[in-house]
Structure formats: structure tokens, C-alpha cells
Protein chains: 2
Amino acid sequence: MENFEFYAPTRIIFGDGTISKLNKYMPPDVSVLLCYGGGSIKRNGVYDQVLDALSDWKVYEFGGIEPNPDYDTLTEAIDLGREKNVGMILAVGGGSVIDGAKLVAAGIPYQGGEPWDIVKEKVKVKMGEPLPLATVLTLPATGSEMNGTSVISRRATQEKFAWRSEAMFPVFSILDPTATYSLPESQVRNGIVDAYVHVMEQYATYPVGARLQDRQAEGILLTLQEIGRASLDTQPNYKARANLMWSATNALNSLIGKGVPSDWATHMIGHELTALYGLAHAESLAVVLPHLLKYQQAGKADKLEQYARRVWGLSGEGENLILAGLDNMCEFFHQNDMPTRLVDYDIDPDDAAEKVKTRFAERDASFGEHNDIGPVQAAEILRMSR
Amino acid sequence: MENFEFYAPTRIIFGDGTISKLNKYMPPDVSVLLCYGGGSIKRNGVYDQVLDALSDWKVYEFGGIEPNPDYDTLTEAIDLGREKNVGMILAVGGGSVIDGAKLVAAGIPYQGGEPWDIVKEKVKVKMGEPLPLATVLTLPATGSEMNGTSVISRRATQEKFAWRSEAMFPVFSILDPTATYSLPESQVRNGIVDAYVHVMEQYATYPVGARLQDRQAEGILLTLQEIGRASLDTQPNYKARANLMWSATNALNSLIGKGVPSDWATHMIGHELTALYGLAHAESLAVVLPHLLKYQQAGKADKLEQYARRVWGLSGEGENLILAGLDNMCEFFHQNDMPTRLVDYDIDPDDAAEKVKTRFAERDASFGEHNDIGPVQAAEILRMSR
């Protein structure tokens, strides 16, 4: 087991009916900038529940934060927050809204120049500097409700970067599984796959004797496999949605990644596909991960065999066992209506390979637990996605 | 899944060599009351490592906090802390030292009367009231390094109670597995069993569809089973000790208990056995849990069958399956040199049954997930421990 530091101070308030308790957790006498997305919260009742709970607070609103939140949108929110002198940010939505709200919370008091420097140049955001942030989660997927990470896109320059700070953990996050009931099936599917891939990226590397972390990761994978399909039922299933929501949070609150190597290459390649072709984040991950794992199977053999045995109950050994495990993974994605090949989106794998190769080469990028997935390897992986 | 609130803000610094980094996490300009136990930290080098790291701080010392920390000892530490006007408590030791230090941290600024009221009368300790507490863990077992709970004994009155407050989470805890190398085998054994029982008390109740929590609990049990014996090797095994240490913390940092019913009757009966016969905490748990689970098997049938299947890989169903699972559990305890019957300590089960029955009856006590383990049931369970 590698040395590690674990810190996840966000208070989680979980369960049916918890949004109405929002006021119990709010600091008094603060004006609030309520950040949300495309307006679905106005149709499903979450917006009304939030405003009812905040009747004693002065609330300003900023809607329209898009999937893969755009820097130019967020600067408008920062301007509004500065103008109204707000003291707290409340993000109501999924990972994109929360990620965007993190930059708003850090950007409003930021005086070092352009807030984009926080995202791209990794200007350090120190504890106590950003405005306090709280969240009401409506879409389980990214774990942003219980971590200090944020991913911001800038469409004007076709860029997309992750940044993080311990100062960006939400103070509290409300997770009400019923808030997911009105989600379109595609977004629930995206959440299942996003969480699953997050776990695989912290699990499918090489063994370091971190038995507990392996078991914790496998536990999330098994849970997602068990409840994935039921989460997609037209008639919402509370138990399935509750397990999905809590699994997605635990997939990326850093617990399972502590003391083990990780391989975020799938995310890095996926970010490029989103920037180039507009694939949803989870869609981009699902067309990369299976091929990346096959491509890297020699270096990841021990963990991929363990995955096949423990998560899928398969027996055997070596490449046959590994490929059978990965076949099961793809089958699980397909059962949850998630394609696993670029050609399923009419994207030419060769075109994607060349473009990503160029973009990685331009910034001399390489990823993976051994830092051995560079431009050439990323292109090979994408060519397999056919 | 039941509604829940999860909050565990303690920063964990985990790994080989982390004690020497203590100064990196200490607040500046504060005088420190260093609390420890019987002096083993002076023999194994941990004391020197801590003092080396604290060379820039004014440190007062209070040693001699005993296993099952005694209230009368802790009032001496409170008096010393008040006299020296310390601003922070640093607990270096196992669960008893940390539990005791929690009362010291809460007791020094307490002005409501006797600090015992915090323990017995559950006077609420509010956020910000106690002195900040940090810990250096030397004995993995109780999880006290990452929770807000403390168990205090008062030998003068043969009493022992748990109390808790969110304000009592350590600010940070340093977990260096090598600090456990000098522990006597019996204490490592106690830690393994203590952690295992903690998990079972949050797991072996009735199903509520909390699939992730079940998997997380099973993951800790499987890990402890895998590394228990290796943790007891005379030549210390870093990987085994690291997994033991992190498993024990995760067993009682509240994560696996969130959203599920729990049954702390084993602890409550065990506390009485410690008070009456001086059994070590873990010893008392191991002579209660197997018999309690057999006694309660009808109400716990679903989870005990799941336990036998998933944790022990057994097949079958009903009582045969349940008893086979519990036999395996006892066998695991025995392999780790832990007895599971009162008679193994030359304690008469009938005597224990009568005494605990009387003590429970005196305070009208009942426990268990259905609150149906009262004086009569506790006595029945103890009579089975032969």
C-alpha cells in the first residue's frame, strides 16, 4: 500500500425528503448565488423545494450552466456574484453544475487575474479563499458533491481541464435520490457508466497489496452491476436510485483511490473526444475504457484477472480470463444502453486517432499509471474502438 | 436504504514514516498536552519521533492513561491541562488513549460542572467548544482516530459509557503501520477482532436494500480474514499491518453504518463483562458476538445467510448455512488466538448471566436493532457462552 492522505470533510445529507431540510444546514445571514443548469429543476419541483427552504435567505439566481460547463458562461456567473456581493454559492444540479459552481466560488474573490488561470495554470486556491459552496445533487455521476475537483471546458479554444483544491470541497451536499426521478434515461445511464469508469480507473492498474481498497472498489462495481438496469426502469425504483447515488459519490470521493496507483488516461482521452465530437462525458469514457484495458492488458494483468474473478465470478487465467472479464464489462454497458465503440456514433476511429494524437503531441501529454500512454498509444487505443 | 447524514472531517495521514511529518499538520503557536498510555511509546521509539517533530512547540506530558480509560485518571489530565493553559491535545496511542484524550479535550474548557456529566448525562459538546485534538495511532482497533465517539470507564462506580459529539472528531490522525510493530501479539489480535466485531454489529441485522454498505462491510471482513494471521507474524509484515490499520479505521468511521440498522448489543454486554471481570474489550466482544448471533438468528436470517455466502463462500440455506457461517467466524477468531467462550477465561456463564441481568435491569436497558435484547435475553446469550 502506498502512503496517502485522506481528507473528505463534506457533510452528506442523504435520503428521501432531505432537500426540504436545506435551511437546517445553511449559515445564517448570507446572500446566496443559486447556480443551476438548463432549467430541469424548475420542471421537476427541485427548484421550488430549494426556494421554499431558503425563504429566509436573499437568493440570486444564475441558470444555464451547460453540460461540460463553459468558461465563458461561468465568468457571467462570477460577474453577477461580484455585483451582488454574494457570500455563498449553492449549486443545484449534476456534476457539470457543481464543477462550474466550484469555479464560480473560487473566481468571485479571485484577484490574481483571469479566473481561467485557476483552471489552466493551476493557480493554487487556498483554504478559506473561495466562497463557501453547498450542493443539492440531482444527477449521480461525477462525485463532485464530495470532492475538491472541477472540470471546466472552454469552447472558444476547444480546451478542457481538471483542477482541484482541498478548499473546494462543498461544505455540505444534499443527496435526495427522488430528485433523480425526472431524469431522462440517457442521463441515468451516463451516471452509471461514469461512476463505473471512475472506479475502474482507480482499480485496474497493478497490485500494491491494498486489499481493502480493492474490496471497496469491487464493492462499488458489484453494486452498480446489480442496480444499473433497475435504475433505468421507467417507474423509478428508490432502492436502485439510492444505491446508484451513493455509489457514484463513493466512486470519486477519493476513498478507493487512496494508497493505490491510478490511471486516468481514459478520462484524458475522453475529454478530447468530448471537445472534438461533443460526446457526453460518460459516452466518451465508454468508447475508450474497454479498448484501453485491452491495449494495456499485459501491464494490468494481475488486476484484470482479479476483476474477472471477483467482480464477474469467472474462472480460468491469463488473457482468456482477462478478455472474458472485459467482455462482461462491455455487455454490462450495453445492457445499460451505452455503446462502447466510436463507430456507434458514426465517428471514424482513424479520424479520432489522428486528431487526438495531434492534440496530445502539441502539449507533450502522457498518462497512465506508468505514464506510458502518450499520443501514439492514445491513437492505437482509439483505432481499436471500431 | 434509510436516510442518513455522513460527516467524517478528520484528515488521515497514512503510511510508513508519517509520524515525522507531524509538525507539518500542527497549528503554530499552541502549547500541547501530549497524552499517552503505559509508556510503550517510550520503548518503541514513537515518543521520540513525536517529540522530535514537536521541537518548535511547548509540550506538556500526561502519561498513564490505562486500557478502558478511567475517569479518575482523566480528571488529573484535565487539571494539568487547565493549570498549563494548553491549547491542543495530542493523543499518542490506541483507542483507549484517544478515547480518554477526547474527554480531556472536552473537559478542560467545560464549565458546566463535573466532566463526568458529558459521559453519563450526555451533556452536549458543541462544535468549537473542545480543544482541538489530533492523534498518532499506535494500535489499530477502535476507529476512535476517525470518529467522534469515546468510551470512558469509572472504576470507582463500576460504570462504563460511550458518549459522542461531532465536535470530537480529531482534526488529523497519523496512521503509521510501523508504529504497531512492537505491539504484543495479544493487542494485535484484539485489534483484528475488535474491528471485525464492529463491522458485524453494523452488518448483521436485517436487509434494507443498502447494497453498497453491505459490500463495503463485507470488504472489510474479507480483508481482515485475509490479513489477520499474517498481522500476527513475529516478523512484522507491513502490508498486513497497513491493511489491518486502515480496515480498523474504516470499520468505525461510520461509513459502513450509514443508512443501515445496527445492533450494538454485543458491545453493551461486552462492556459489562469488562467492568465485572476485567476482560479486554475485544475479548469481551468475542465471547458475546457468536452466541448473540445464534440467539438472534431468526430475525437476522437474511443477513446471516448473505454473510455465509459472500464472506465465506458457503452454499446452502437456512439454519445450516447460518450456523456454518458462524462456525467459520469462530474458527477465524480461534486462528487469531482469540477465545469465544466465557469458560475459556474460567468465568462461570451462569454467574455472568445473573450479574449482567441485574445490571441491565437496574437501568432498564435494552439493545439490538429491534431493541429486544434486554436483561433476560442478555442472560440467555451469556449462558450460551460455554
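Residues numbered from 1 in each chain as written. Chains lettered and ligands numbered in written order. Predicted model: local features only at pLDDT ≥ 70, side-chain atom pairs only at ≥ 80, totals over all residues.

This brings us to the overall build of chain A. On a plain count of helices and strands, chain A comes out with 16 helices and 9 strands. Its C-alpha atoms give chain A a radius of gyration of 20 Å, within 12% of the compact-globule value 21 Å for 386 residues. With respect to the principal axes defined by its C-alpha atoms, chain A has extents near 60 × 45 × 45 Å. The proportion of buried residues among the 386 residues of chain A is 55%. Excluding contacts between residues fewer than 6 apart, the proportion of contacts in chain A whose partners are at least 24 apart in sequence is 77%. (Helix = DSSP H or I, 4+ residues; strand = E, 2+ residues; numbered from the N terminus. Rg over C-alpha atoms; globule rule 2.2 N^0.38 Å. Buried ≥ 20, exposed ≤ 12 C-beta atoms within 10 Å, placed from the backbone. Contact = placed C-beta atoms within 7 Å.)

Moving on, we get to the domain arrangement of chain A. Residues and elements named next belong to chain A. Segmentation of chain A into domains returns domain 1 (11-179) and domain 2 (185-383). Each of domain 1 and domain 2 was reduced to a C-alpha centroid, and the two centroids are 26 Å apart. In this complex, domain 1 contributes 17 residues to the contact, which on the side of domain 2 involves 23 residues. Of the residues assigned to the side of domain 1 that touches domain 2, the class counts are 8 nonpolar, 6 polar and 3 charged. (Domains from an automatic or database assignment. Nonpolar A, V, L, I, M, F, W, Y, C, P; charged D, E, K, R; others polar.)

The transform that puts chain A on chain B rotates by 180 degrees and translates by 0.0 Å along the axis, for an RMSD of 0.0 Å. Classification of the inter-copy transformation places it as that of a two-fold axis. Rotation axis and chain A: the residue whose C-alpha lies nearest the axis is Pro-9 of chain A, separated from it by 2.0 Å. (Least-squares fit on C-alpha atoms with pLDDT ≥ 70 in both.)

Residues and elements named next belong to chain A. Relative to the 20 Å expected for 14 residues at 1.5 Å per residue, helix α4 (residues 71-84) spans 20 Å between its end C-alpha atoms, a close match to the ideal helical length. All of the buried residues along α4 are Tyr-71, Leu-74, Ala-77, Ile-78 and Gly-81. Down the axis of α4, the smallest arc covering the buried residues is 110 degrees, so these residues share one side. In this structure, α4 carries Asp-72 and Glu-83 as exposed residues pointing more than 90 degrees from its buried face. Where α4 is buried, its residues meet β3 (32-35), β4 (59-62), α5 (95-107), α6 (116-120) and β7 (149-154). Positive backbone phi, approximately 55 degrees, marks Asn-85, located one or two places after α4. (Expected span 1.5 Å × (residues − 1). Arc of directions from axis to C-beta.)

Here we come to unusual backbone geometry. Positive phi, close to 55 degrees, is recorded for Lys-122 of chain A, a residue that is not glycine. For Lys-122 of chain A, the location among the structural elements is in the loop between α6 and β6 (133-137). One non-glycine residue, Asp-364 of chain B, lies in positive phi territory at about 55 degrees. Following the sequence through the fold, Asp-364 of chain B ends up in the loop between α15 (349-362) and α16 (375-383). Classification of Asp-364 of chain B as exposed rests on a count of 8 C-beta atoms within 10 Å.

What follows covers the pairing of strand β9 (residues 172-175) of chain A. Residues and elements named next belong to chain A. Every second residue of β9 is oriented toward a common face, with Phe-172 and Ile-174 on one face and Ser-173 and Leu-175 on the other, all of them buried. As judged from the 4 bridges shared by strand β2 (residues 11-14) and β9, these two strands associate in the parallel manner. The partner of Phe-14 across the bridge, within β9, is Leu-175. Where β6 and β9 come together, 4 bridges link them in parallel fashion. In the sheet register, Leu-137 faces β9, and the bridge partner there is Leu-175. (Pairing = 2+ DSSP bridges.)

Facing the 32 residues of chain A at the interface are 32 residues of chain B. Counting only elements with at least two residues in the side of chain A that touches chain B, the list comes to β1 (4-6), β2, α8 (211-231) and α9 (238-251) of chain A. When residues of the side of chain A that touches chain B are assigned to their parent elements, the largest contribution, 10 residues, is made by α8 of chain A. When the residues that make up the side of chain A that touches chain B are grouped by side-chain class, the tally is 14 nonpolar, 11 polar and 7 charged.

Residues and elements named next belong to chain A. Where helix α7 (residues 185-203) meets α8, the closest approach of the two axes is 10 Å, and the angle between their N-to-C directions is 165 degrees. Taken together, the axis directions place α7 and α8 in an arrangement best described as roughly antiparallel. Of the two possible hands of crossing, α7 and α8 adopt the one that is left-handed. Counted together, Val-188, Ile-192, Ala-195, Tyr-196, Val-199, Gln-202 and Tyr-203 of α7 and Asp-214, Ala-217, Ile-220, Leu-221, Leu-224, Gly-228 and Ser-231 of α8 form the full contact between these two elements. Of the residues assigned to the contact of α7 with α8, the class counts are 10 nonpolar, 3 polar and 1 charged. (Axes fitted to C-alpha atoms, helices over the stretch in contact; angles between N-to-C directions. Parallel < 35°, antiparallel > 145°, perpendicular 65-115°, else oblique. Left-handed = near helix turned anticlockwise from the far one by under 90°.)

Let us look at the sheet that holds β6 of chain A. What the 7 strands build is an open sheet, ordered β4(A)-β3(A)-β5(A)-β6(A)-β9(A)-β2(A)-β1(B); its pairing is mixed. Two strands close off the open sheet at either side, each with one partner strand: β4 of chain A together with β1 (4-6) of chain B. Adjacent strand axes in the sheet meet at a mean angle of 15 degrees when their direction is disregarded. Inspection of the sheet shows β2 of chain A paired to β1 of chain B by 3 bridges, in the antiparallel sense. If you follow Ile-13 of chain A over to β1 of chain B, its bridge partner there is Glu-5 of chain B.

This part takes up the sheet that holds strand β9 (residues 172-175) of chain B. On the basis of which strands lie adjacent, the open sheet formed by 7 strands has the order β1(A)-β2(B)-β9(B)-β6(B)-β5(B)-β3(B)-β4(B) and mixed pairing. Every interior strand has two partners, whereas the edge strands, β1 of chain A together with β4 (59-62) of chain B, have only one. Averaged over neighbouring strand pairs, the angle between their axes works out to 15 degrees when direction is ignored. For strand β3 (residues 32-35) of chain B and strand β5 (residues 88-93) of chain B, the ladder comprises 4 bridges, and the chain directions are parallel. The residue of β5 of chain B that forms the bridge with Cys-35 of chain B is Ala-91 of chain B. With respect to the sheet, helix α5 (residues 95-107) of chain B is in contact with β3, β5 and β6 (133-137) of chain B, its orientation differing from that of β5 of chain B by roughly 165 degrees.

To continue, consider the confidence of the model for chain A. Of the residues in chain A, 100% reach a pLDDT of 70 or more, and the chain-wide mean stands at 96. Prediction confidence for the complex, expressed as pTM and ipTM, is 0.96 and 0.95 respectively. (pLDDT = per-residue confidence, 0-100.)

Among all positions of α16 of chain B, only Pro-375, Gln-377, Ala-378, Ala-379, Ile-381 and Leu-382 of chain B are buried. Taken together, the buried residues of α16 of chain B touch α10 (265-277), α12 (289-295) and α15 of chain B.

Here we come to the environment of Met-1 of chain B. Relative to the assigned elements, Met-1 of chain B resides in the segment before β1. The exposure class assigned to Met-1 of chain B is buried, which follows from the 23 C-beta atoms found within 10 Å. Each C-alpha atom, one on Met-1 of chain B and one on Pro-207 of chain B, is 8.7 Å from the other, the two residues being 206 residues apart in sequence. Here Met-1 of chain B is in contact with Lys-239, Ala-242 and Asn-243 of chain A together with Val-208, Gly-209, Ala-210 and Gly-259 of chain B, once residues within four sequence places are set aside.

Residues and elements named next belong to chain A. Looking at where Glu-185 falls in the secondary structure, it is placed in helix α7. Its 13 C-beta neighbours within 10 Å are what place Glu-185 among the partly exposed residues. Separated by 105 residues in the primary sequence, Glu-185 and Leu-80 have C-alpha atoms spaced 33 Å apart.

Another aspect to go through is the environment of Leu-212 of chain A. Among the structural elements, Leu-212 of chain A can be located in helix α8. As for Leu-212 of chain A and Ile-256 of chain A, which are separated by 44 residues in sequence, their C-alpha atoms are 8.6 Å apart. Once you skip the residues sitting within four places of it in the chain, Leu-212 of chain A turns out to touch Gly-219, Ile-220, Thr-223, Asn-243, Trp-246, Ser-247 and Asn-250 of chain B.

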